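Descriptive analysis of the structure
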Amino acid sequence: QVQLLESGGGLVQAGGSLRLSCVASGIINIVGMGWYRQAPGKRRELVAKIPSGGVTNYADSVKGRFTISRDNAKNTVYLQMDSLKPEDTAVYLCNVAGSSTYSRRYGDYWGQGTQVTVSS
């Protein structure tokens, strides 16, 4: 089955940095990869996305602070987070759009998420 394994979350003080990684397996024909986040009591929101052959897109709240990148050979997407703020605290989830090598089903696939906590 498709697996998206996130890592890199943790506890950091305001102004600090973290880099999230997401390694995708069991998926082909990837058309886009991205990061979402969800804080308690909040709706899940797009943080950044990087479509295949397209331009990156960021939420206004993270522009200039976060950078998304891909390593296609490793099926990995990264999110470099700098100048972190307490309001960035959330579970960050990796999202990949593509086709499962097992079921042949195309769709959006999600990781379990990694916790990012920013203290003031």
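Treat the numbers as computed from the prediction; the structure is a model and nothing was measured.

1. Structural notes on the state of the cysteines
- Evaluated as defined, the whole model comprises 1 disulfide.
- With a sulfur-sulfur separation of 2.1 Å, Cys22 is cross-linked through a disulfide to Cys94. Residues Cys22 and Cys94 are joined by a disulfide whose S-S torsion is about -85 degrees; by sign, that bridge is left-handed. Of this pair, Cys22 sits in strand S3 (residues 18-25) while Cys94 sits in strand S9 (residues 90-100), placing them 72 residues apart in sequence.
- The class of Cys22 is buried, set by a relative accessible area of 0%.

2. Side note on the packing of aromatic side chains
- Evaluated as defined, the whole model comprises 1 aromatic pair.
- Ring centres 5.0 Å apart and planes at 65 degrees place the aromatic pair Tyr36 and Trp110 in the edge-to-face group. With Tyr36 in strand S4 (residues 27-38) and Trp110 in strand S10 (residues 106-110), this pair connects stretches of sequence that are 74 residues apart.
- Arg44 extends its terminal NZ or CZ atom over the ring of Trp110, reaching a point 4.6 Å from the ring centre.

3. Some remarks on the sheet that holds S3
- The sheet built from 4 strands is open, its strands ordered S1-S3-S8-S7 with antiparallel pairing. The two strands at the open ends of the sheet, each matched to only one other strand, are strand S1 (3-7) and strand S7 (66-71). Across the sheet, the mean angle from the axis of one strand to that of its neighbour is 15 degrees, orientation sign disregarded.
- Looking at chain direction, S7 and strand S8 (residues 76-81) are connected through 6 bridges and run antiparallel. Paired with Ser69 across the bridge in S8 is Tyr78.

4. Examining the pairing of S3
- Taken together, the 5 bridges between S1 and S3 define a ladder with antiparallel strand orientation. Bridging from a neighbouring strand, Glu6 pairs with Cys22 of S3.
- Bridge count for S3 against S8 is 6 bridges, and the pairing is antiparallel. Residue pairing for S8: Val23 is matched across the bridge by Thr76.

Cut-off values and rules
Residues numbered from 1 in each chain as written. Predicted model: local features only at pLDDT ≥ 70, side-chain atom pairs only at ≥ 80, totals over all residues. Heavy atoms only, no water. Disulfide = S-S within 2.5 Å. Helix = DSSP H or I, 4+ residues; strand = E, 2+ residues; numbered from the N terminus. Buried < 20%, exposed > 50% of the residue type's maximum accessible area, 1.4 Å probe, protein only. Phe/Tyr/Trp six-rings, centres within 6.5 Å; stacked < 30°, edge-to-face > 60°. Lys NZ or Arg CZ within 6 Å of the ring centre and 35° of its normal. Pairing = 2+ DSSP bridges. Axes fitted to C-alpha atoms, helices over the stretch in contact; angles between N-to-C directions.

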